[in-house]
Amino acid sequence: MEQNQIPLLEAVTDFIATKPAYFRIPGHRLGRGISPRWTDSVGTKLFAYDVTETPLTDDLHSPEGAIDQAQKLLAALYGADQSFFLVNGSTCGNEAMILSAALEGEKILVARNAHKSAMMGLILSGAVPVYVMPEVLPEWGIQGELTAADVQSAFEQNPDCKALFLVSPSYYGVCSDLVGIAEVCHAYNALLLVDEAHGGHLYFHDGLPAGALASGADLCVQSMHKVTGALTQSSVLHCKEHGVRSEVFDRIAQNLHLVQSTSPSYLLMTSLDCARYELAMHGSEMMEKALSLASYARERIQKIAGFRCMEGERLDRTRLVLSACELGLTGYMLEKLLYEKYAVNMELADDKNVLAIVTYANEREDLDRLVAACADISQGYAMQKVVHRKKESLSFPPIPQQVLTPREAYFSKTKKISWQQAAGQISGQMIAPYPPGIPAIYPGERLSQEVWDYIECFRRDGRHLHGADRNGKLEFVNIVER
């Protein structure tokens, strides 16, 4: 297919050019009704592209025209058999994958570092999760890759699992051996579902790890807004059949109807069409720039006293994972310093590290500011001759006992008790430090003392938790009544 086409952008532009008397939704009438408080700041032209289904602009839920053509161009670019635009983020794509791959009561392997959207898919489907723990990188305090050997062992113990759901690359850019893992999955007639939210760019440069579709994945989801030019909340789902459980692929579109809005944003879909075009035309140069900028910063930060950057064989090198633990700074402290003193905004912080995501849209000036800030922090701490106690790292707790499936627990009767009394109880809710949004406890699991202690560290330090009370604190928790 000719990748220099942008069919959805062209269709919406052609529709606007008809200067219609507009009586459809949305009510702002091609931007005329948007608040002047907003248009005075950003202009009016973009809002005209916020349209709905018309004879020219097609229908996401039954595409026959511009959207259908745009999705086919996307599939051709990534080597998929079929691709879908997602307007509810990668969350809905992960839900649809799990809904399609594992029916109620069927088992599915799930990597324990999966995003909380996997839990939502489990609640919707009623599938029974069997968790697999990824390797832990103790010197960085993060979870690393899932190995083919781990997957093989899990299937040997649970050969009736219908699929494996994993994250690759992780938020930190750590990739798993998807080729080896796909071979194991397919040998057990199981599907490989990959949350590739952070990896839509991997297909466009040899200096990056291979993408999921190129490595044997059957289904994968990508957040195109994370590292390409699409708007926030714009994602895609790709399908590629390998002769395994072919009936599943007929359920994908049906399940997307269940989890996607019936009023899809044409701004989001047009941004996906345009992002695909740029990757097709300039993807290699875009990724070369991102890799070059990240390498430039990594080499300089590695030379700063007290700082280090994560390295690895299967690592997306456009990600900069930085640590200043040798200076006695936790990741949270470093992130706060970088933002408040230097106006350098990092993607996330954890107990040990901060993460910078470098893209083609960054400039050398951005990386120079990060490097200069790190150097200034290092020098300032050295000059003060302050002795800093190195904080003990948080260790990931063992996988807790699963008493009920996430769906069973979610629809069970619960009661609210004090967080201080929750250890040993069956959780009726998810609790996930955010970011990265990985649940520490799923609904239906017994809240072991180890897991309670782990969550308590975040609660005590005032960290952001999904699953907290309305006031943002974790004073109470819902437990299942038994």
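Quick caveat: nothing in here was measured; it's all calculated off a predicted structure.

Conventions we followed
Residues numbered from 1 in each chain as written. Predicted model: local features only at pLDDT ≥ 70, side-chain atom pairs only at ≥ 80, totals over all residues. Heavy atoms only, no water. Helix = DSSP H or I, 4+ residues; strand = E, 2+ residues; numbered from the N terminus. Rg over C-alpha atoms; globule rule 2.2 N^0.38 Å. Contact = heavy atoms within 4.5 Å. Areas by Shrake-Rupley, 256 points an atom, 1.4 Å probe, with all protein chains shown as cover. Lys, Arg positive; Asp, Glu negative; His and termini not counted. Charge placed at Lys NZ, Arg CZ, Asp CG, Glu CD. Phe/Tyr/Trp six-rings, centres within 6.5 Å; stacked < 30°, edge-to-face > 60°. Buried < 20%, exposed > 50% of the residue type's maximum accessible area, 1.4 Å probe, protein only. Salt bridge = Lys/Arg side-chain N within 4 Å of Asp/Glu carboxyl O. Core = buried A, V, L, I, M, F, W, Y, C linked by side-chain atoms within 4.5 Å. Axes fitted to C-alpha atoms, helices over the stretch in contact; angles between N-to-C directions. Parallel < 35°, antiparallel > 145°, perpendicular 65-115°, else oblique. Left-handed = near helix turned anticlockwise from the far one by under 90°. Nonpolar A, V, L, I, M, F, W, Y, C, P; charged D, E, K, R; others polar. Pairing = 2+ DSSP bridges.

Quick look at the overall build of the chain
And step 1. A tally of helices and strands in the chain yields 14 helices and 17 strands.
And step 2. Computed over its C-alpha atoms, the radius of gyration of the chain comes to 23 Å, within 12% of the 23 Å expected for a compact globule of 482 residues.
And step 3. Partitioning the contacts of the chain with sequence separation of at least 6, the portion at a separation of at least 24 is 70%.
And step 4. Surface exposure of the chain reaches about 21,000 Å², of which carbon and sulfur atoms provide 49%.
And step 5. Charge centroids of the chain, computed over 44 positive and 58 negative side chains, lie 8 Å from each other.

Considerations on the packing of aromatic side chains
Centre-to-centre distance and the angle between the planes together describe a pair of aromatic rings.
And step 1. Applying the stated criterion to the full structure yields 10 aromatic pairs.
And step 2. Here the aromatic rings of F15 and Y22 are separated by 6.1 Å at their centres, their planes lie at 65°, and the arrangement is edge-to-face. Here the two residues F15 and Y22 agree in accessibility, since each one is buried.
And step 3. Aromatic side chains F155 and Y188 sit 5.0 Å apart centroid to centroid with 15° between the ring planes, which places their arrangement in the stacked category. Highlighted residues: F155 in helix 6 (residues 148-157) and Y188 in the loop between helix 7 (178-187) and strand 7 (191-195), separated in sequence by 33 residues.
And step 4. Classification of F155 as buried rests on a relative accessible area of 0%.
And step 5. Note on Y188: relative accessible area 25%, which makes it partly exposed.

Thoughts on the pattern of salt bridges
And step 1. In total, this model carries 13 salt bridges according to the counting rule given.
And step 2. Between K72 and D68 there is a salt bridge, with its nearest N and O atoms 3.1 Å apart. In this pair, K72 and D68 both sit in helix 3 (residues 66-78), four residues apart, roughly one turn of the helix.
And step 3. Among the residues examined, K72 registers a relative accessible area of 46% and is labelled partly exposed.
And step 4. A salt bridge links D376 to K341; its shortest N-O distance comes to 4.0 Å. With D376 in helix 12 (residues 364-384) and K341 in helix 11 (residues 331-342), this pair connects stretches of sequence that are 35 residues apart.
And step 5. Classification of D376 by relative accessible area gives partly exposed; the value is 32%.

Concerning the nonpolar core
One broad rule of soluble globular proteins: the nonpolar side chains tend to lie buried together.
And step 1. Core analysis: the biggest nonpolar cluster contains 59 residues, and F85, L164, L166 and L192 have the highest contact counts within it.
And step 2. Those residues in contact with L164 that lie beyond four places of it in its chain are L109, V110, L146, V151, I181, C185, L191, L192 and L193.
And step 3. Membership of the second largest hydrophobic core comes to 46 residues, among which are L293, C309, L370 and Y381.

Observations regarding helix 7
And step 1. Listed as buried for helix 7 are L178, G180, I181, A182, V184 and C185.
And step 2. In this structure, the buried side of helix 7 is in contact with helix 6, strand 6 (163-167) and strand 7.
And step 3. Once helix 7 finishes, N189 follows within two positions and takes phi at roughly 55°, a positive value.

Some thoughts on the packing of helix 6 against helix 7
And step 1. Relative to each other, helix 6 and helix 7 sit at 15°, their axes nearing to 8 Å. Between helix 6 and helix 7, the crossing angle belongs to the class labelled roughly parallel. Where helix 6 crosses over helix 7, the handedness of that crossing is right-handed. Between helix 6 and helix 7, the residues in contact are A148, V151, Q152 and F155 and G180, I181, V184 and C185, respectively.
And step 2. Within the contact of helix 6 with helix 7, the residues separate by chemical class into six nonpolar, two polar and no charged.

Observations concerning the sheet that holds strand 2 (residues 107-111)
And step 1. As summarised here, the arrangement of the seven strands in space is 1-9-8-7-6-2-3, forming an open sheet in which the pairing is mixed. Both edges of this open sheet fall to strand 1 (82-86) and strand 3 (128-132), since each of them pairs with a single strand only. Going from strand to strand, the sheet's axes swing by 20° on average, the running direction of each strand aside.
And step 2. Here five bridges tie strand 1 to strand 9 (residues 235-239), and the two strands are oriented antiparallel to one another. Across the sheet, residue Q82 finds its bridge partner in strand 9, namely C239.
And step 3. Sheet strands touched by helix 10 (residues 266-302): strand 1 and strand 9. Its angle to strand 1, the strand with the most contacts, is close to 135°.

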